[in-house]
Amino acid sequence: MACYHANGPGEVDIMTLEMKTRCEKCGDALSQDGSAYICSYECTFCPKCAAAMKSVCPNCGGELVPRPSRTT
Ligand SMILES: [Zn+2]
Ligand SMILES: [Zn+2]
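Residues numbered from 1 in each chain as written. Chains lettered and ligands numbered in written order. Predicted model: local features only at pLDDT ≥ 70, side-chain atom pairs only at ≥ 80, totals over all residues.

(A) Here's a closer look at the sheet that holds strand β2 (residues 44-45). Across the sheet, which stays open at both edges, the 3 strands sit in the order β2-β1-β3 with antiparallel pairing between neighbours. Since the sheet does not close on itself, it has two edges, and those belong to β2 and β3 (65-66), each with one partner. Alignment of strand β1 (residues 37-38) against β2, held across 2 bridges, turns out to be antiparallel. From the neighbouring strand, Ile 38 faces β2, where its bridge partner is Thr 44. (Pairing = 2+ DSSP bridges. Helix = DSSP H or I, 4+ residues; strand = E, 2+ residues; numbered from the N terminus.)

(B) Seen up close, the nonpolar core. Judged by nonpolar contacts, Cys 23, Leu 30, Ala 36, Tyr 37, Ile 38, Cys 39, Cys 43, Phe 45, Cys 46, Ala 50, Cys 57 and Leu 64 together constitute the single largest core of 12 residues. Once residues lying within four places of it in the same chain are set aside, the contact partners of Tyr 37 are Phe 45, Pro 47, Ala 50, Ser 55, Leu 64, Val 65, Pro 66 and Arg 67. (Core = buried A, V, L, I, M, F, W, Y, C linked by C-beta atoms within 7 Å. Buried ≥ 20, exposed ≤ 12 C-beta atoms within 10 Å, placed from the backbone. Contact = placed C-beta atoms within 7 Å.)

Here it is, written out as structure tokens:
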């Protein structure tokens, strides 16, 4: 399931149960075909925030990796 948010009070986002379309940090929209970074719990961030956080998920401490495209 989705990463358990530990951002503190007031930061809970109920919408994140669905496919992530926004960066969890800055709220930027993530295009389906654009680049995004996820951790193993599917916390999702834009490339800018992933780089700023040195590819470490602030929610769970996991490594952020480029989200794979739909093509396999
Ligand atoms: Zn961001
Ligand atoms: Zn995470």
